[in-house]
Amino acid sequence: EQVEDAECGYTLIRTWSAIDPCGNEATAEQVLIILDTQAPQISNVPEDLTVECDQLPAFATIEAIDACGSEVDIQTSESQLAVDCGFVIVRTWTVTDACGNEDSVSQEITVTDTTIPVLSGIPADVTVSCTEIPEVPVFTATDNCDDDVEVVYSEVISEDACPYTITRTWTAIDECGNEDATTQVITVVDNEDP
């Protein structure tokens, strides 16, 4: 056998010789051209998944092996597509061997927002006289996906009784409609003589 290197493979030459007792000889030759035409095999590909926007995983590391043992180049790319209340990220790994054989795999990550925003610092319920009703404070809310959460304020006064109540409600609503409402009840008493 004789092996000769060739681009993206090699040539294997097999020679058979037959000699009879009188010294007559015959030869035959087989030429095998072995080429690398297979793309590398990819493994360790992450599954598609759905996550909250603050749980986005890092780009996974895949593995690729070439059947002919050549060096494998791995390139990554990422694209994003907006959908209602989130987005879809498509991560793609493209593997190429030294002979230009190529394959690619992708992972889809659906990013959603189902977490309610958080209001903090809302005052506790209080009882005050009618001259001590506190001003309405302005509050903000935090959210895992929305940096600018809308906070809506509403107030209901039940003036038909003595004492009466003021019910203050702050509602935080993120871009996906997830909401959190917190209420403060102020009981107003009249304990001063006219």
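Calculation notes
Residues numbered from 1 in each chain as written. Predicted model: local features only at pLDDT ≥ 70, side-chain atom pairs only at ≥ 80, totals over all residues. Heavy atoms only, no water. Helix = DSSP H or I, 4+ residues; strand = E, 2+ residues; numbered from the N terminus. Contact = heavy atoms within 4.5 Å. Phe/Tyr/Trp six-rings, centres within 6.5 Å; stacked < 30°, edge-to-face > 60°. Buried < 20%, exposed > 50% of the residue type's maximum accessible area, 1.4 Å probe, protein only. Patch = residues over 30% accessible without salt bridge, like charges linked within 9 Å, V, L, I, M, F, W, Y side chains within 5 Å. Areas by Shrake-Rupley, 256 points an atom, 1.4 Å probe, with all protein chains shown as cover. Salt bridge = Lys/Arg side-chain N within 4 Å of Asp/Glu carboxyl O. Lys, Arg positive; Asp, Glu negative; His and termini not counted. Charge placed at Lys NZ, Arg CZ, Asp CG, Glu CD. Pairing = 2+ DSSP bridges. Axes fitted to C-alpha atoms, helices over the stretch in contact; angles between N-to-C directions. Core = buried A, V, L, I, M, F, W, Y, C linked by side-chain atoms within 4.5 Å. Disulfide = S-S within 2.5 Å.

Caption draft 1: The arrangement of the environment of Ala26 in detail. Tracing the backbone shows Ala26 in strand S3 (residues 25-35). Not counting residues up to four positions away in its chain, the partners in contact with Ala26 are Trp16, Ser17 and Ala18.

Caption draft 2: Broad picture of the packing of aromatic side chains. Counted under the stated rule, the structure contains three aromatic pairs. Relative to Trp93, the ring of Phe59 has its centre 5.1 Å away and its plane inclined at 75 degrees; by these criteria the two rings are edge-to-face. Pair noted here: Phe59 is in the loop between strand S5 (49-52) and strand S6 (63-65) and Trp93 is in strand S8 (residues 86-97), with a separation of 34 residues, a long-range link. Accessibility expressed as a relative area gives 30% for Phe59, which makes it partly exposed. For Trp93, a relative accessible area of 1% corresponds to the buried category. Residues Tyr153 and Trp170 carry aromatic rings whose centres are separated by 5.4 Å and whose planes lie at 50 degrees to one another, so their mutual orientation is tilted.

Caption draft 3: Geometry of a negative patch on the surface. On the surface, a cluster of negative charge is contributed by Asp147, Asp148, Glu150 and Glu175. Relative to the elements of secondary structure, Glu150 occurs in strand S13 (residues 150-158).

Caption draft 4: Up close: the sheet that holds strand S14 (residues 164-173). Taken in spatial order, the four strands make up an open sheet running S11-S15-S14-S13, and their pairing is mixed. For this open sheet the edge positions go to strand S11 (126-129) and S13, each flanked by a neighbour on one side alone. Averaged over all pairs of adjacent strands, the angle between their axes in this sheet comes to 25 degrees, without regard to strand direction. Where S14 lies against strand S15 (residues 179-189), 10 bridges are found, and the strand directions are antiparallel. Among the inter-strand pairings, Ile173 is bridged to a residue of S15, identified as Glu179.

Caption draft 5: Representation of the nonpolar core. Leu119, Ile122, Phe139, Ala141, Val149, Trp170 and Ala172 together form the largest nonpolar core, which totals seven residues. Ignoring any residue separated from it by four or fewer positions in sequence, one finds Leu119 in contact with Phe139, Thr140, Ala141, Val151, Trp170, Thr171, Ala172, Asp180 and Thr182. Among the nonpolar cores identified, the runner-up in size contains six residues, and Ile42, Ile62, Ala64 and Val105 belong to it.

Caption draft 6: Seen up close, unusual backbone geometry. Not every positive phi belongs to a glycine, and Asn44 is a case in point at roughly 65 degrees. Along the chain, the position of Asn44 falls in the loop between strand S4 (41-43) and S5. Taking relative accessible area as the criterion, Asn44 reaches 48% and is therefore assigned partly exposed. In this model, Cys85 sits at a positive phi of 55 degrees, which is unusual for a non-glycine residue. Here Cys85 is to be found in the loop between strand S7 (72-83) and S8. For Cys85, a relative accessible area of 34% gives the class partly exposed.

Caption draft 7: Inspection of the pattern of salt bridges at higher detail. Inspection of the entire model under this criterion finds two salt bridges. Arg91 is the salt-bridge partner of Glu78, the closest N and O atoms lying 2.7 Å from each other. Of the two residues, Glu78 is situated in strand S7 and Arg91 in strand S8; the sequence distance between them amounts to 13 residues. For Arg91, a relative accessible area of 5% gives the class buried.

Caption draft 8: Layout of the state of the cysteines. Using the criterion set out here, one finds one disulfide in the structure. Two residues share a disulfide in this structure: Cys53 and Cys145, whose sulfurs sit 1.6 Å from each other. Taking the sign of the torsion about the S-S bond as the criterion, the disulfide between Cys53 and Cys145, at about -120 degrees, is left-handed. One end of the pair, Cys53, is in the loop between S5 and S6; the other, Cys145, is in the loop between strand S12 (141-142) and S13, and 92 residues separate them in sequence. By relative accessible area, which is 22% here, Cys53 ends up partly exposed. Of the cysteine sulfurs around Cys68, a residue in no disulfide, the closest is that of Cys99, at 6.9 Å.

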